[in-house]
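Chain residues, written in single-letter form:
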Amino acid sequence: MVQEKLMERDDWQQRTELLLGEEKMNRIRNSHVLVVGLGGVGAYAAEMICRAGVGRMTIVDADTVQPTNLNRQLPALHSTLGMSKAEVLATRYKDINPDIALTVLPVYLKDENIPELLDAGKYDFIVDAIDTISPKCFLIYEATKRRIRIVSSMGAGAKSDITQVRFADLWDTYHCGLSKAVRKRLQKMGMKRTLPVVFSTEQADAKAVLLTDDEQNKKSTCGTVSYMPAVFGCYLAEYVIKRL
């Protein structure tokens, strides 16, 4: 029985190895990926990276599961309402791959603690799925300064056409309010280096954008369809896995 269990565990990674090759699979197993933001986009990105067999992962998010998350977020169930997203997902990822070395940080990232996070480990790649401008830009800036590879998610809200999701350089994106805000902030910080991002060329539905005063550090919120953040997350995972 134990031997059968081990064979089953080996088999799920062998299926990835059949496609990517043994050398590539070994690199993935020896890699450390940092995923920041575990909402609609980041949780899916982290799960796909976990399922690909990454050896180490650090996940960061201080939010708890809320009823408004149920339409699109991987950790959101009625049974997990009020629980830490990072802790819910940590249990899930360890259940997928018990051998993964997982660091769980249920903390709010602020400008001042981002350098400490980036210097705490040797990361092979960073997935930025933050949706708040200041920490998002500071993470990008500090990662770039340290020459840590990073891929960033732009806005998936108020959009519904998955055929318009694209990889691009941040500076070449359009029809994306988050991209515009990030470019403006990074320019003020003196950065204009190439930054790979996932974004949608679709025009945002203006009716789906609402002003809000009950979201931390946000002036507006967007209606989001269930599948769109998951697609963004899968794009991020593809970008990382292919480049590890």
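Residues numbered from 1 in each chain as written. Predicted model: local features only at pLDDT ≥ 70, side-chain atom pairs only at ≥ 80, totals over all residues. Heavy atoms only, no water.

Looking at an unreviewed UniProt entry, the chain carries the name tRNA threonylcarbamoyladenosine dehydratase, with the source organism given as Bacteroides difficilis.

Regarding helix α2 (residues 22-29)
Selection rule: Each residue is assigned to one of three classes by its accessible area relative to the maximum for its type, calculated with a 1.4 Å probe on protein chains only: buried under 20%, partly exposed between the two thresholds, exposed over 50%. The secondary structure listing takes helices from DSSP runs of H or I that are at least 4 residues long and strands from runs of E that are at least 2 residues long, numbered from the N terminus. Picture the helix axis, draw a direction to every C-beta atom, and the arc is the one those directions span.
Among the residues of α2, those classed as buried are K24, M25 and I28. End-on view of α2: buried residues confined to an arc of 100°, all on one side of the axis. Among the exposed residues of α2, those pointing more than 90 degrees away from its buried face are E22 and E23.

Some points on the pairing of strand β1 (residues 32-36)
How we decide: Think of it this way: DSSP has to see at least two bridges between two strands before they count as a pair. Here a crossover is taken to be right-handed if, once the strands point away from the viewer, the path from the first strand over the helix to the second is traced clockwise.
In terms of burial, β1 is a largely internal element, 5 of the 5 residues being buried. Sheet analysis places β1 next to strand β2 (residues 56-60), joined by 5 bridges and oriented parallel. Bridge pairing links V36 to V60 in β2. Note on the crossover from β1 through helix α3 (residues 42-51) to β2: the handedness is right-handed. Looking at chain direction, β1 and strand β4 (residues 125-128) are connected through 4 bridges and run parallel. Bridge pairing links L34 to I126 in β4.

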